[in-house]
Amino acid sequence: MADAMTVDGSIVRIDRPMPWVGRLLSLPLLAASGYLLWNVALGLRQDFAGFGRLADDLVPVLVFTGLGLLVGIPGIILLTFRYFVVLNETLRQIVITRQFGPLNFRKRRDLADYHFIGITDDYDPQATTHDVNLCGNKGTEPIALMSFTKREEASQLANELGRALNLPARDYVGTEPDADE
């Protein structure tokens, strides 16, 4: 939990780590992609060394290259995916970043639209997760900050974040949702 939130002056950064299962699932995809692209490289080496003709091998080279990229790109995305939220108290701005590889997708939101930090659960008695969200008025989409398996960890992060941003932390675990939502 200590690694989840870093405070640097008026800037709070919350990293949401990728589950290790997602990183583990990327390995077979990358291995299959590497195998396909290695075969493309071997075929091209043979063609350029004079033992074959590129015109005869063009269709398999293109198919194996396409399949290698089709399988490898999701593997790279799973391996390098990062999600973090930066809350800048000075600029009153929230930046939500989803990053994988060299690509960054950012959403900017106004911090003034958010009034409290809510802790909710998923109502699953077998494997309950407690979510910490930055919430605003009705119509404002909440920002998911972190998920925890223990309620105490979620409360601790919500209280620390509330102190850093001067926002109240509200615990909605075990309550029913509003009827009009």
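Residues numbered from 1 in each chain as written. Predicted model: local features only at pLDDT ≥ 70, side-chain atom pairs only at ≥ 80, totals over all residues. Heavy atoms only, no water.

**Brief notes about the sheet that holds strand 1 (residues 5–8)**
Part 1 of the reasoning: Taking strand neighbours across the sheet as the criterion, the 5 strands line up as 1-2-3-4-5 in an open arrangement whose pairing is antiparallel. Among the strands making up the open sheet, the edge pair consists of strand 1 and strand 5 (103–110). Mean inter-strand twist for the sheet, computed between neighbouring axes without regard to direction, equals 15°.
Part 2 of the reasoning: Here strand 2 (residues 11–16) pairs with strand 3 (residues 82–88) via 6 bridges, running antiparallel. Each bridged residue has a counterpart across the sheet, and for Ile11 the counterpart in strand 3 is Asn88.
Part 3 of the reasoning: Strands strand 1, strand 2 and strand 3 of the sheet are contacted by helix 3 (residues 151–165), whose axis makes an angle of about 155° with strand 2. (Pairing = 2+ DSSP bridges. Helix = DSSP H or I, 4+ residues; strand = E, 2+ residues; numbered from the N terminus. Axes fitted to C-alpha atoms, helices over the stretch in contact; angles between N-to-C directions. Contact = heavy atoms within 4.5 Å.)

**Points about the pattern of salt bridges**
Part 1 of the reasoning: Tallying each qualifying case throughout the model produces 4 salt bridges.
Part 2 of the reasoning: In this structure, Asp15 and Arg13 form a salt bridge, with 3.0 Å as the shortest nitrogen-oxygen distance.
Part 3 of the reasoning: Across the pair Arg92 and Glu89 runs a salt bridge whose closest N-O atoms are separated by 2.7 Å.
Part 4 of the reasoning: Given the relative accessible area of 22%, Glu89 is considered partly exposed. (Salt bridge = Lys/Arg side-chain N within 4 Å of Asp/Glu carboxyl O. Buried < 20%, exposed > 50% of the residue type's maximum accessible area, 1.4 Å probe, protein only.)

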